[in-house]
Structure formats: C-alpha cells, structure tokens
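In case you want the letters, here they are:
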Amino acid sequence: MKLRSNLAVATLIGAMVTTAALGTTAFAAQPAGRHLPGVVAEWSAAWNGTDPDPLGAVFTADGTYTDQAIGVTFHGRQEIAGWKARTDGLIENVHVTVRAAYRDGRHITVEGVYAGHIKGAPEPFAVPLAVLLTTDGHRIAADQDFYSLGAVLAQSGLPADWTPPTS
C-alpha cells in the first residue's frame, strides 16, 4: 500500500513539473481524441458549469476536497458544493481545462489549467493545475488540487497579500 501511495505522489509531482515546464499556453483545449476517465469528465464538467450541486454529486457522501494553494479542506457533498458556489461568486468564468489524466488503480492524476477572472481584478488568470483524485471506482473519495496561488494573484494584477472579501 505504501508503494502505491508513493507512486501516486511521484506521478503527481511529475505531472506538476511537466505542467509547469510547458506553461499555460499549451493548455488551450481539452485533449483531442483522448478518452478521459468518466469521473474526470464529470468533475471538469461540474467545475465548468454554473450549478454547484453537480460538483458535490461527483463525490462520495463522505468525500473530501482539498485546495492545497489556500490550505482548506471541505468534507461531504454539501460543503464541496458550497465551495463551488463560493468560488463562482468570487471568480467570473472559473473553469478547468483537462489536458491529460493518468489512472493507477484508485488514483487518477489530472494535468490541466485553472482559469477565470477574480471579480474586481484588472486581469484574468490561467495557471497550471495538477489534481490527485482518489476514487471508489465511480465517485471521488478525495480530491487534492495543486496550483500556484501566487501565480493566480500575479496574473490577476493583485498584490501577493490579497485576500477575498469576507461577505
């Protein structure tokens, strides 16, 4: 089990290095002609939609969603859907573009781009994204998103110490 966990982490790190090396311009569209695991297609469609409930529905009842860039974790479908709703309230046209997905048993590593326009910011952003999903076969049991918050803020034209409004 430890070896499989180490392999998943190594795969994630490799995906992040590859994504960072290629830059965001290489990630303009979904992978042409590649078959994505169904749960990845559902996950990205949910992020790209305007209704927060489908994102929660992609997870198991006790699933977790961790945004590593800001250090928050949400538990269960309702909290995860709430995170999507809050994100939509803060970021216009928030979306993910999946470039590749790699499955190793219950683990899926996703390479892509996280993009949008923080409301009130001078510019939109599009940054490399790496995601580590743990599934129960058909649903996501755990999601860890990795991207650079510093890059999001810099591309958006916001200071490094910017925080979202609390309202």
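Residues numbered from 1 in each chain as written. Predicted model: local features only at pLDDT ≥ 70, side-chain atom pairs only at ≥ 80, totals over all residues. Heavy atoms only, no water.

A. Geometry of the overall build of the chain. The helix and strand tally for the chain stands at five helices and six strands. Going from N to C terminus, the chain has its helices and strands arranged as α-α-α-β-β-α-β-β-β-β-α. The 167 residues of the chain split such that 40% are buried. Within the chain, counting contacts between residues at least 6 apart in sequence, those at least 24 apart form 58% of the total. Total accessible area computed for the chain in this model is approximately 8500 Å², and 58% of it derives from carbon and sulfur atoms. (Helix = DSSP H or I, 4+ residues; strand = E, 2+ residues; numbered from the N terminus. Buried < 20%, exposed > 50% of the residue type's maximum accessible area, 1.4 Å probe, protein only. Contact = heavy atoms within 4.5 Å. Areas by Shrake-Rupley, 256 points an atom, 1.4 Å probe, with all protein chains shown as cover.)

B. Summary view of the sheet that holds strand β6 (residues 140-146). An order of β2-β1-β6-β5-β4-β3 is seen for the six strands of this open sheet, with the pairing classed as mixed. The open sheet has two edge strands with one neighbour each: β2 (72-75) and β3 (91-104). Mean inter-strand twist for the sheet, computed between neighbouring axes without regard to direction, equals 20 degrees. Bridge count between strand β1 (residues 59-67) and β6: five bridges; the pairing is parallel. Counted as the bridge partner of threonine 66 is glutamine 144 from β6. Sheet strands touched by helix α2 (residues 38-48): β1, β3, β4 (107-118), β5 (125-135) and β6. Its angle to β3, the strand with the most contacts, is close to 170 degrees. On top of the sheet, helix α4 (residues 76-90) reaches β1, β2, β3 and β4; it is set at about 40 degrees to β1, its chief contact. (Pairing = 2+ DSSP bridges. Axes fitted to C-alpha atoms, helices over the stretch in contact; angles between N-to-C directions.)

C. Expanded view of the nonpolar core. Counting 32 residues, the largest nonpolar core has Val40, Trp43, Tyr65, Tyr114 and Ile118 as the members making the most contacts within it. Of all the elements in the fold, those that place two or more residues in this core are α2, β1, α4, β3, β4, β5 and α5 (149-156). Setting aside its immediate chain neighbours within four residues, tyrosine 65 contacts Trp43, Trp47, Phe59, Val72, Thr73, Phe74, Ile80, Trp83, Asp143 and Asp145. (Core = buried A, V, L, I, M, F, W, Y, C linked by side-chain atoms within 4.5 Å.)

Such coordinate-based values are descriptive only and should not be taken to indicate function.
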